[in-house]
Amino acid sequence: MQNLSVSKPKLSIVEIINMSVGFFGIQFGWDLQRANMGRIYENLGANPDEVPILFLAAPLTGLLVQPIIGYLSDHTWHPKWGRRRPYFMIGAILSSLALIAMPHSSALWMAAGLLWVLDVFGNVSMEPFRAFVTDKLPDSQVNRGFIMQSLMIGLGGSIASALPWIMRNIFKLENTAAIGGIPQNVQWSFYLGAFFFLASVLYTVFTTREYSPEELGIQKDEEKKGGIATGVNEILHALRNMPKRMQIVSLVQFFTWPGLFLMWFYYTTAVAVNVFGGKDASDPVYAEGADFGSLTLSYYSVVTFLFALVLPLIADKLGRKLTHSLCLLAGAIGLISVAWVQNKYLLYVSMTGVGVAWASILSMPYAMLSGSLPKEKVGIYMGIFNFFIVLPEIIASLGFGWLMRNVLNNDRLLAVQIGGGLMILAATICFLFVKEQRQRL
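For clarity, every value in this text was computed on a predicted model and none was experimentally measured.

Cut-offs and rules
Residues numbered from 1 in each chain as written. Predicted model: local features only at pLDDT ≥ 70, side-chain atom pairs only at ≥ 80, totals over all residues. Heavy atoms only, no water. 1 Å grid on protein atoms, 1.4 Å probe; cavity = no way out; pocket = protein on both sides within 12 Å on 5 of 7 lines; lining within 4 Å. Points joined across faces, edges and corners; volume = space filled by probe spheres on them. Helix = DSSP H or I, 4+ residues; strand = E, 2+ residues; numbered from the N terminus. Nonpolar A, V, L, I, M, F, W, Y, C, P; charged D, E, K, R; others polar. Axes fitted to C-alpha atoms, helices over the stretch in contact; angles between N-to-C directions. Parallel < 35°, antiparallel > 145°, perpendicular 65-115°, else oblique. Left-handed = near helix turned anticlockwise from the far one by under 90°. Core = buried A, V, L, I, M, F, W, Y, C linked by side-chain atoms within 4.5 Å. Buried < 20%, exposed > 50% of the residue type's maximum accessible area, 1.4 Å probe, protein only. Contact = heavy atoms within 4.5 Å. Polar contact = N/O pair within 3.5 Å; in protein donor to acceptor, adjacent residues only side chain to side chain. Expected span 1.5 Å × (residues − 1). pLDDT = per-residue confidence, 0-100.

## Describing empty space enclosed by the protein
So, point 1. For the structure on display, the rule yields two cavities of 30 Å³ or more.
So, point 2. Considered as a void within the structure, the largest cavity measures approximately 460 Å³ in volume.
So, point 3. In terms of lining, the largest cavity is formed by 29 residues, of which the most central are Arg34, Met126, Trp257, Asn386 and Ile389.
So, point 4. Counting residues per element, the lining of the largest cavity draws most heavily on helix H15 (residues 378–406), which supplies six residues.
So, point 5. The residue makeup of the lining of the largest cavity, split by class, is 18 nonpolar, seven polar and four charged.
So, point 6. Its volume calculated, the second largest cavity comes out at about 30 Å³.
So, point 7. Lining of the second largest cavity is provided by Arg34, Ala35, Gly38, Arg39, Trp264, Phe265, Thr268 and Thr269.

## Some words on the packing of helix H10 (residues 244–275) against helix H16 (residues 412–433)
So, point 1. Viewed as axis vectors pointing N to C, H10 and H16 meet at an angle of 160°, and their least axial separation amounts to 7 Å. By the angle class used here, H10 and H16 are roughly antiparallel. The two elements H10 and H16 meet at a crossing, and its hand is left-handed.
So, point 2. For the contact of H10 with H16, the per-class residue count stands at 23 nonpolar, five polar and one charged.

## A few points about the nonpolar core
Note on soluble globular proteins: their nonpolar side chains tend to be buried together.
So, point 1. Membership of the largest hydrophobic core comes to 118 residues, with the highest contact counts inside it found for Met37, Ile40, Tyr41, Met263, Tyr267, Trp358 and Ile384.
So, point 2. At 16 residues, H10 tops the list of elements feeding residues into this core.
So, point 3. Each residue touching Ile384, except ones within four places of it in the same chain, is listed here: Ile235, Ala238, Leu239, Met242 and Met246.
So, point 4. Membership of the second largest hydrophobic core comes to ten residues, among which are Val303, Cys327, Ala359 and Met364.

## What to know about the environment of Asp291
So, point 1. Along the chain, Asp291 falls in helix H11 (residues 284–318).
So, point 2. On the basis of relative accessibility, which here comes to 3%, the residue Asp291 falls in the buried class.
So, point 3. A C-alpha to C-alpha distance of 35 Å links Asp291 and Val249, two positions 42 residues apart in sequence.
So, point 4. When near neighbours in sequence (up to four residues on either side) are disregarded, Asp291 contacts Arg39, Pro164, Trp165, Arg168, Asn175 and Asn185.
So, point 5. In terms of polar contacts, Asp291 uses its side chain to reach the side chain of Asn185, at 3.3 Å.

## A few points about helix H12 (residues 320–337)
So, point 1. The terminal C-alpha atoms of H12 lie 26 Å apart, and with 18 residues this matches the ideal 26 Å at 1.5 Å per residue to within 8%.
So, point 2. Most of H12 is tucked away: 13 of the 18 residues are buried.

## Here we look at the confidence of the model for the protein
So, point 1. Overall, the predicted model of the protein reaches an average pLDDT of 87, with 94% of residues at or above 70.
So, point 2. Below a pLDDT of 50 lies the segment residues 221–226, which in the model reaches seven contacts outside its immediate sequence neighbourhood of four places, other chains included.

Written as structure tokens, this is what we have:
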């Protein structure tokens, strides 16, 4: 494809919101599984050292699915459904079905299999959304588009993570179940998650339109032949020829995301055991602690939502790389400080730092990439960028169980602290090696 630069009109704030609402639903699904899958696995009989391998579905599917969907959506056009929206809709429908089925898991293999399905089609919905921003918005509004996605992510994540606590404390659903069962408050959280996932994505599908390849100034130089082989070759060629800026920012991502993964693996159950003193998944004290842990995860998503409102102003003053480095340090301190908490309410202080980091992680890396990617291959490059998110999770899923069992003595809290240490490393790389020209967001 050849890219002919054309100017795109600025969109109103309502139009930017419409194109971002779908991310609210997608994040709703992601945060439900992040906050509750560790608990579900332990309810179904998993030991702490078995949890990482059971989360392997997400990174493997992301590694394979995102660049493929990026390539396919780059080469898709339908007069009614557009370029990216068909993938939004198909992924949302099938992910919502997996969310409905998840609470009926009766064995570890069933829950892990449904998580695999959920992650495959969650990635099908999510991957084109990043490219959707650059398709729809002129350069002057691209960063606003990513910030709006961060706002939707924070809002969706805060509600999703709080649902088990809401179901227990407001609707009085049971929060304990015998080993082999899943508590009622978790079950109903997943049912509501399916509704919000599907409804939000369909809202974006039916309230937005897409520019045709001709309107974007993208024309085919020649008909591509070779099918899947052509796609694979194009992905590999893009991987070998990543822009220099993307290489460095990808390294920052590689060390950032393990901190988040280890938090999602172990934070909720660490609160249940280390802070509340619960024994196992059938213990009411453990259940109370897990619900409270989910509530504090909801709180960090609220912080993300609010901090995203002022993040562009901070980045304008300090520059993107310094802003991102400081935000990562705040997240690292938040994760490490969980081990010092004796009063459960101090967890909100720890999660404040994580919320600040999360707001930056969702927008600053993409802002730092702004302008460095070929317009006709944004989908592919966004998929490749995801490699450096999922590769560390694959490593953690395959190897961290051994560390938990043989080195960390299954100490969930120590695992969360190690994640904080890796985030400090990411902040250091960002500050020392990312080169930028100061630009206004």
